[in-house]
Amino acid sequence: MNPEEFLRILDAVEPLKNNTRHSWTSTGRHESVAEHSWRLTLMAFLAKGEFPGADMEKVLHMCLIHDIGEAFTGDIPSFTKTADDEAVESARLAAWVKTLPAPLGREFAALYEEMDALETREAKIYKALDNLEAVAQHNEAPLSTWLPLEYELQLSYGGDKVAFDPWLTALKAQLNAETRAKIKAEKPAAEKA
């Protein structure tokens, strides 16, 4: 890949540093898409020993690129994202992937196809961790940043994605315990009644 192509790719994904997510950080500012992707990738790296036989290098690649489409559309929270929103993001991402030099474009396309199908162990690991990173971030954010629907969503989000693996199921259970403790500790007494 020549330097011009390399820099063109970096320029295309730079908006991920600026595009914010629905999630907030522990200091009360919106999290960027890039921050979410970075920590998701770190989660996969830290957990690599929990998945013997899985191609964790592939999982790391999936985590790194999973939200690149949001460089073109911005982030739409999962609980408001429509099929039309998904279609627009997928189309813009596919158009961009076609501009990537070989063999990188083919590698990206194959990864996105595998991630979308959610059939391989690697794709399932990536998707479960993606959901759990969002839950962990919400647990770290001030309760004042939560929407009313998130009190229940925190406890259910990602539950269906972890069911295939005991370690991921245990991680989700720990996150749920932390969610319940946070709500109990931080929710005003009037709201608890």
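Let us look at the structure shown here. (Residues numbered from 1 in each chain as written. Predicted model: local features only at pLDDT ≥ 70, side-chain atom pairs only at ≥ 80, totals over all residues. Heavy atoms only, no water.)

## Things to note about helix H1 (residues 3-13)
Selection criterion: Think of it in three bands: with a 1.4 Å probe and only protein chains considered, a residue is buried below 20% of the maximum accessible area for its type, exposed above 50%, and partly exposed in between. Helix and strand definitions here come from DSSP, where helices need a minimum of 4 consecutive H or I residues and strands a minimum of 2 consecutive E residues; each element is numbered from the N-terminal end. Arc definition: it is the arc formed by the directions from the helix axis to the C-beta atoms. We call two residues in contact whenever any of their non-hydrogen atoms come within 4.5 Å of each other. Polar contact criterion, stated in full: a pair of N or O atoms within 3.5 Å, where within protein one must be able to donate a hydrogen and the other to accept it, and residues adjacent in sequence count only if both atoms are side-chain atoms.
Among the residues making up H1, those that are buried are Ile9, Ala12 and Val13. Axial view of H1: buried residues confined to an arc of 90°, hence all on one face. Facing away from the buried surface of H1 by more than 90 degrees, the exposed residues are Pro3, Glu4, Leu7 and Asp11. Against the buried residues of H1 lie helix H2 (15-18), helix H5 (70-73), helix H6 (83-97) and helix H7 (104-117). Between a side-chain oxygen at the N-terminus of H1 and the backbone nitrogen of glutamate 4 the separation is 2.9 Å; the capping residue is asparagine 2.

## Looking at the pattern of salt bridges
Applicable threshold: Should a side-chain nitrogen of Lys or Arg be within 4 Å of a carboxyl oxygen of Asp or Glu, the pair is scored as a salt bridge.
Scanning the entire structure with this criterion turns up 10 salt bridges. A salt bridge links lysine 81 to glutamate 89, with the shortest nitrogen-to-oxygen separation between them at 2.9 Å. Shared partners join several salt bridges into a network, and the residues in it are Arg21, Glu31 and Asp67.

## Comments concerning the packing of aromatic side chains
Each aromatic ring pair is summarised here by two numbers: the centre-to-centre distance and the angle between the ring planes. To be explicit about the condition: To pair, rings of Phe, Tyr and Trp, with the six-membered ring standing in for Trp, must have centres within 6.5 Å; the planes then decide the type, stacked if under 30 degrees apart, edge-to-face if over 60, and tilted in the middle.
For the structure on display, the rule yields 5 aromatic pairs. Ring centres of phenylalanine 72 and tryptophan 96 lie 5.8 Å apart, and the angle between their planes is 50°; this geometry places the pair in the tilted category. Highlighted residues: phenylalanine 72 in helix H5 and tryptophan 96 in helix H6, separated in sequence by 24 residues. Taking relative accessible area as the criterion, phenylalanine 72 reaches 26% and is therefore assigned partly exposed.

## Focus: unusual backbone geometry
At the junction of alanine 102 and proline 103, the peptide bond is cis and its omega measures out at 0° in the coordinates. When you line up the elements, proline 103 lands in the loop between H6 and H7. The backbone of leucine 118 sits at a positive phi, close to 50°, despite the residue not being glycine. Within the fold, leucine 118 resides in the loop between H7 and helix H8 (121-140).

## What to know about the side chain of arginine 21
Looking at where arginine 21 falls in the secondary structure, it is placed in strand E1 (residues 20-24). For arginine 21, a relative accessible area of 11% gives the class buried. If we ignore the near neighbours within four places in the chain, the residues touching arginine 21 are His30, Glu31, Ser32, Val33, His36, Asp67, Asp75 and Ala134.

## Some points on the packing of H6 against H7
Packed helix pairs are characterised by how far apart their axes lie and by the angle those axes make with each other. Here is the rule: Geometry is summarised by axes, namely lines fitted to C-alpha atoms with helices restricted to the contacting stretch, and by angles between N-to-C directions that run from 0 to 180 degrees. Roughly parallel means an angle under 35 degrees; roughly antiparallel, over 145; roughly perpendicular, 65 to 115; everything else is oblique. Amino acids outside the nonpolar list (Ala, Val, Leu, Ile, Met, Phe, Trp, Tyr, Cys, Pro) and the charged list (Asp, Glu, Lys, Arg) are all regarded as polar, and Gly is one of them.
At a minimum axis separation of 9 Å, H6 and H7 run at an interaxial angle of 155°. Between H6 and H7, the interaxial angle falls into the category roughly antiparallel. Residues Leu93, Trp96 and Val97 of H6 pack against Gly105, Phe108, Ala109 and Tyr112 of H7. Among the residues forming the contact of H6 with H7, the class breakdown is 6 nonpolar, 1 polar and no charged.

These values are about where atoms sit, not about what they do.
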